[in-house]
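Letter by letter, the chains look like this.
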Amino acid sequence: MNQLGNYIHGRLTNGNSKESLSVYDPSTGEEISKLINSNLLDFEEAINSSKKVFLEWSQTTPLKRSRIISKYKELIEKNIEEIAKMVSKEHGKTLDDAKGSVTRGLEVVEFACGIPHLLKGEFSQNVGTNIDSWSVRQPLGICAGITPFNFPAMVPMWMFPIAIACGNTFILKPSEKDPSCSIKLAELFSEAGLPDGVFNVLNGDKNVVNLILESKDISSISFVGSTPVAKYIYEKSAKNLKRVQALGGAKNHLVVMPDANIDQAVDGIIGAAYGSAGERCMAVSVAVAVGNIADELVEKIYDKAQNLKVAPWTDTESDMGPLISKEHLGKVRDYIDLGIKEGANIIADGRNCKLQGYENGYFIGPTLFDNVTDKMKIYKEEIFGPVLSVVRSNNYEEALKLVNNHEFGNGTSIYTSDGEVSRHFTTNSRIGMVGINVPIPVPMAFHSFGGWKSSIFGDHAMHGIEGVRFYTKLKTVTSRWPKSINPGPEFKMPTN
Ligand code: NAD
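On a predicted model such as this, the values are computed, not experimentally measured, just so you know.

### Notes on the overall build of the chain
When helices and strands are tallied, the chain shows 16 helices and 23 strands. Taken over the C-alpha trace, the chain has a radius of gyration of 25 Å; the compact-globule value for 496 residues is 23 Å, and the two agree within 12%. By its C-alpha atoms, the chain is 85 × 60 × 40 Å across when sized along the principal axes. Out of the 496 residues belonging to the chain, those deemed buried represent 56%. A fraction of 73% describes how many contacts in the chain between residues 6 or more apart in sequence connect residues 24 or more apart. Surface summary for the chain: the accessible area is close to 21800 Å², and the carbon and sulfur share equals 50%. Side-chain charges in the chain split into 53 positive and 57 negative, and the spacing between the mean points of these groups amounts to 8 Å.

Given below as structure tokens:
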């Protein structure tokens, strides 16, 4: 059995804990690795390593730091196939999709190469007579990241390249379900010349998360995962006086207007609802059919969904792989049962999906519900599987209300050929990331990623300038070099 430990101070370690967690191949249901469930001693090792190197790393010039990051970028490019395979094997998503996700992470590394420009701050000459003032952004210290299973390479890469480029050290606690690529990413960073201890990977479950949240040595927490855990992380981090950004779950609506190009909308919906088996925080899980297009829309989605190939990632023709775990498969099946009980019309039922040779894999087929209402649980809750709900609305105003009244506010999209409607939608939707005639409006690395409402807790989104702000604190300096005449003490507030 393959044993996975931690990556601390530039080397792989088996750690101290005797407890382990099982990692499965979701296509076969087989246990493929034993992962260390780190304990207090392992945690202290990671902290001591990060502490040892922080001062030197924070004082390394931004340009030298960004040169190491440029080298890292090259190494990721060289190893992208291997990293993507690690993602596919433990997560189950298709290899092309895995490669795409690593590329989106790589783009954050590219962004971090330009960090000297972003740390410059502001300068004002003569804020008072012969007095100058300037600001700098300085690193926080030891930053920690806690990440979900669905993007095991990309989501950590939203965090650590920027934190490290800004002069921090970083401890990553990856998802225990697919941890291998994090270790590979850390090894490559060492190969690029990153000093030992700047990037440590500490594996385990919620117990190690609690050690991170309670530690006085950790300055900030970046979290991505489900909303209940995001809330917990936010509250506990704030209680322990840490800076925190905690991104949660989603229920993304795609609104199709009667004047939309319906075939484009259907293609957009199919990819965004069923790609990665719906296990994306930007997946479309609700299609809102406005006016008289609903019947045609449902029929066309059904036709295309029937032709999707559900298969393991090793099959190059696969459109979607399995879910992450047996428990999650059970949960998604329960939601489908519930949708039927709640009175939604099931148009395509993925529960009977069986693959020869992969009977123990966690596969489920594309599922489509029509006539879903906002009172149903399958509408209100995040299912995180290939289950699409079609809600019919009479007009645009009703559709917008649905989008805005939902608890989650991660992403949304509208398909229309009317510029006025699209402008109204972008202005008035209470959602963090909005698309016009695009299904998954995921911002590029030089913009920032984050939702609204219960999809985020904390003030900063991930990467882009928001990332730089999150991982640095502002210092403003006021400076005068007076001649030897001493004007004596002043007792009033200085003014110009
Ligand atoms: P999760 O919340 O179960 O786990 C995320 C991380 O938190 C893991 O590292 C896990 O070990 C840790 N964790 C789990 N339970 C914990 C607890 N009780 N206390 C402390 N730590 C705990 O999420 P997941 O199932 O790995 O990922 C899927 C979820 O992530 C979905 O809800 C999805 O929408 C969300 N997600 C959101 C975004 C976004 O940008 N908003 C991106 C990706 C995924």
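### Overview of the sheet that holds strand β23 (residues 472-480)
Strand order in the open sheet made by the three strands is β6-β7-β23, with antiparallel pairing throughout. Pairing within the sheet leaves two strands with one partner each, and these edge strands are β6 (123-128) and β23. Ignoring strand direction, the axes of neighbouring strands in this sheet form an average angle of 30°. With three bridges connecting them, β6 and strand β7 (residues 131-139) associate as antiparallel partners. Looking at the pairing, Phe123 lines up with Trp134 of β7.

### Quick notes on the pattern of salt bridges
A full pass over the atoms with the stated rule returns 21 salt bridges. Residues Lys173 and Glu176 are paired through a salt bridge, measuring 3.3 Å at the closest nitrogen-oxygen approach. Given the relative accessible area of 3%, Lys173 is considered buried. Between Lys300 and Glu296 there is a salt bridge; the shortest N-O distance is 3.2 Å. Separated by four residues within a single helix, Lys300 and Glu296 lie in helix α11 (residues 294-306), roughly one turn from each other. Since its relative accessible area comes to 37%, Glu296 is described here as partly exposed. Three or more residues joined by partner-sharing salt bridges are found here, namely Lys73, Glu77 and Glu110.

### Concerning the domain arrangement of the chain
Annotation of the chain at the domain level lists domain 1 (2-248 + 455-477) and domain 2 (252-436). The centre of domain 1, based on its C-alpha atoms, is set 31 Å off from the matching centre of domain 2. At the junction of the two partners, domain 1 supplies 22 residues and domain 2 supplies 23 residues. Across the domain 1 to domain 2 interface the summed buried area is about 1900 Å²; carbon plus sulfur atoms make up 61%. One salt bridge in this structure joins Arg280 and Asp97, with 3.0 Å as the shortest N-O distance. Elements with a contribution of two residues or more to the side of domain 1 that touches domain 2: α3 (80-91) and α4 (95-112). When residues in the side of domain 1 that touches domain 2 are grouped by element, the largest group, five residues, is from α3. Its residues placed into classes, the side of domain 1 that touches domain 2 shows five nonpolar, 10 polar and seven charged.

### Focus on the site of the ligand
Around the ligand, the surrounding shell holds 27 residues, and the nearest of these are Lys173, Glu176, Ser226, Gly248 and Glu382. Within the backbone of Thr147, an N or O atom sits 2.8 Å from an oxygen atom of the ligand. Contact distances for the ligand include 2.7 Å between an oxygen atom and a side-chain N or O atom of Lys173. Within the complex, the protein chains bury 88% of what would otherwise be the 850 Å² of accessible surface of the ligand. Going through the elements one at a time, α8 (206-214), β11 (218-224) and α9 (227-239) are the ones with two or more residues in the shell around the ligand. A domain split of the shell around the ligand shows at least three residues from each of domain 1 (2-248 + 455-477) and domain 2 (252-436).

### Considering helix α12 (residues 326-342)
The first and last C-alpha atoms of α12 sit 24 Å apart over 17 residues, in line with the 24 Å expected at 1.5 Å per residue. For α12, every residue scored as buried is listed here: His328, Leu329, Val332, Tyr335, Ile336 and Gly339. Down the axis, α12 shows its buried residues gathered within 120° of arc, on one side only. Exposed and facing more than 90 degrees away from the buried side of α12 are Lys326, Glu327, Asp334 and Lys341. Elements that come into contact with the buried residues of α12 comprise β15 (345-348), β16 (367-370), α13 (377-380) and β17 (387-393). Taken from the residues just after α12, Gly343 is the one with a positive phi, measuring 100°.

### As for the side chain of His253
Tracing the backbone shows His253 in strand β13 (residues 252-256). A distance of 2.6 Å separates the side chain of His253 from the side chain of Tyr379, its partner in a polar contact. Aside from chain neighbours lying at most four places away, what touches His253 is Val286, Val288, Tyr379, Leu402, Val403, His406, Gly411, Thr412 and Ser413.

### Some details on the pairing of β11
Across the seven residues that make up β11, a large majority, six, are buried. Bridge count between strand β8 (residues 142-146) and β11: five bridges; the pairing is parallel. Opposite Cys143, over in β11, you have Ser220 as the bridge partner. Where β11 meets strand β12 (residues 243-247), five bridges bridge the pair, whose relative direction is parallel. Residue pairing across strands places Ser220 opposite Arg243, the latter belonging to β12. With α9 bridging β11 and its parallel neighbour β12, the resulting β-α-β unit is right-handed.

### Some details on helix α6 (residues 154-165)
In an α-helix, one turn spans 3.6 residues, which is why side chains three or four residues apart end up on the same side. Taking 1.5 Å of rise per residue, the 12 residues of α6 would be expected to cover 16 Å, and the 17 Å separating its terminal C-alpha atoms lies within 8% of that figure. Among the 12 residues that make up α6, 12 are buried, leaving the element largely enclosed by the rest of the structure.

Calculation notes
- Residues numbered from 1 in each chain as written.
- Predicted model: local features only at pLDDT ≥ 70, side-chain atom pairs only at ≥ 80, totals over all residues.
- Heavy atoms only, no water.
- Helix = DSSP H or I, 4+ residues; strand = E, 2+ residues; numbered from the N terminus.
- Rg over C-alpha atoms; globule rule 2.2 N^0.38 Å.
- Buried < 20%, exposed > 50% of the residue type's maximum accessible area, 1.4 Å probe, protein only.
- Contact = heavy atoms within 4.5 Å.
- Areas by Shrake-Rupley, 256 points an atom, 1.4 Å probe, with all protein chains shown as cover.
- Lys, Arg positive; Asp, Glu negative; His and termini not counted.
- Charge placed at Lys NZ, Arg CZ, Asp CG, Glu CD.
- Pairing = 2+ DSSP bridges.
- Axes fitted to C-alpha atoms, helices over the stretch in contact; angles between N-to-C directions.
- Salt bridge = Lys/Arg side-chain N within 4 Å of Asp/Glu carboxyl O.
- Domains from an automatic or database assignment.
- Buried area = accessible area lost by both parts, 1.4 Å probe.
- Nonpolar A, V, L, I, M, F, W, Y, C, P; charged D, E, K, R; others polar.
- Near = heavy atom within 4 Å.
- Polar contact = N/O pair within 3.5 Å; in protein donor to acceptor, adjacent residues only side chain to side chain.
- Expected span 1.5 Å × (residues − 1).
- Arc of directions from axis to C-beta.
- Right-handed = clockwise from strand over helix to strand, strands pointing away.

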